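# Chain and residue survey
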Amino acid sequence: MPVKIRLQRHGKKGKPFYWIVAADARAKRDGRYLEKLGAYNPNTNPATVELDVDGAVKWLQNGAQPTDTAKALLSYKGALLKNHLVGGVKKGALTEEQAEEKFKAWLEEKAAKIQAKADGLSEAEAKAKADTLAAEKAVNEARIAAAAPVVEEEEATEEVAAEADATNEEE
């Protein structure tokens, strides 16, 4: 029974949400699965990926083949790296402690990259809001400036009329 690690689509039209599952290769895309390994939400920025790394490594060790997209997600969360390190431990190239240290260092570096992207996106969003607000203020000031001369002309005509009335009264 060939096993695949693949995505199972959920969510509504235009708003996909995926489960990462280990399933029999003969099963339908959204059909029966052997184990749910995680979830993937591409609607957020950056995309949200939740994954049971140990469960994924167990299936990879037992010969499960990931699809292209699932492979990218497993790589993103470090499951393929952990599988590689476990293979190195089995061969005696490194100890389990060394493998765990390498994996933890990689996870910290990856978390820093993700946080930097999220910070960059929030800064860009704040800058866009500030630019929009500045543009709106400029438009409002232009409107006020365009409306102000009309008011001054009315006041000037009233003053001229008042002066004319005063001269008429003197005569």
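Structure: above.
Small disclaimer: the values here were computed from a predicted structure and weren't measured.

Quick look at the side chain of Asn41 now. One can find Asn41 in strand β3 (residues 35–41). Assessed through its relative accessible area of 17%, Asn41 is described here as buried. One polar contact links the side chain of Asn41 to the main-chain amide nitrogen of Asn43, over a distance of 3.0 Å. When sequence neighbours within four positions are dropped, the list of residues in contact with Asn41 reads Pro16, Phe17, Ala47 and Thr48.

Turning to the sheet that holds strand β1 (residues 3–12), a few remarks are in order. In spatial order, the strands read β4-β3-β2-β1-β5; together these five strands make up an open sheet with mixed pairing. The open sheet is flanked by β4 (48–51) and β5 (65–66), the only strands paired with a single partner. Two strands pair when backbone bridges link them, and β3 and β4 are joined in this way by four bridges, in the antiparallel orientation. Residue pairing in the sheet places Tyr40 in a bridge with Val49 of β4. Set on the sheet, helix α1 (residues 53–61) makes contact with β1, β2 (15–24), β3, β4 and β5; between it and β3 the angle comes to about 120°.

With that out of the way, let us pick up the pairing of β1. Bridge analysis of β1 against β2 gives ten bridges, and the strand direction is antiparallel. Looking at β2, one finds that Arg9 is bridged to Tyr18. Here β1 hands over to β2 after two residues, with Gly14 in that stretch at a positive phi of 85°. For β1 and β5, the ladder comprises two bridges, and the chain directions are parallel. In the strand pairing of β5, Ile5 is matched with Pro66.

With that out of the way, let us pick up the packing of aromatic side chains. Considering all chains together, one arrives at three aromatic pairs under this definition. The interplanar angle of 20° and the centroid separation of 5.9 Å between the aromatic rings of Tyr18 and Tyr40 together place this pair among those described as stacked. On the criterion of sequence distance, the pair formed by Tyr18 in strand β2 and Tyr40 in strand β3 is long-range, its members being 22 residues apart. Between Phe103 and Trp106, the aromatic rings sit 6.5 Å apart at their centres with planes inclined by 15°, giving stacked as the arrangement. Here the residue Phe103 and the residue Trp106 both occupy positions in helix α4 (residues 96–170), the gap between them amounting to three residues, near one helical turn. Since its relative accessible area comes to 24%, Trp106 is described here as partly exposed. Against the face of Trp19 rests Lys36, its NZ or CZ located 4.1 Å from the ring centre.

As a further point, take helix α3 (residues 79–91). Relative to the 18 Å expected for 13 residues at 1.5 Å per residue, α3 spans 18 Å between its end C-alpha atoms, a close match to the ideal helical length. All of the buried residues in α3 are Ala79, Lys82, Asn83, Leu85 and Gly88. Following α3 by one or two positions, Gly92 has its phi on the positive side, about 90°.

Here the focus is unusual backbone geometry. It is generally the case that most residues other than glycine have a negative phi and that most peptide bonds are trans. In this model, Asn45 is joined to Pro46 through a cis peptide bond whose omega is -5°. For Pro46, the location among the structural elements is in the loop between β3 and β4.

Conventions we followed
Residues numbered from 1 in each chain as written. Predicted model: local features only at pLDDT ≥ 70, side-chain atom pairs only at ≥ 80, totals over all residues. Heavy atoms only, no water. Helix = DSSP H or I, 4+ residues; strand = E, 2+ residues; numbered from the N terminus. Buried < 20%, exposed > 50% of the residue type's maximum accessible area, 1.4 Å probe, protein only. Polar contact = N/O pair within 3.5 Å; in protein donor to acceptor, adjacent residues only side chain to side chain. Contact = heavy atoms within 4.5 Å. Pairing = 2+ DSSP bridges. Axes fitted to C-alpha atoms, helices over the stretch in contact; angles between N-to-C directions. Phe/Tyr/Trp six-rings, centres within 6.5 Å; stacked < 30°, edge-to-face > 60°. Lys NZ or Arg CZ within 6 Å of the ring centre and 35° of its normal. Expected span 1.5 Å × (residues − 1).

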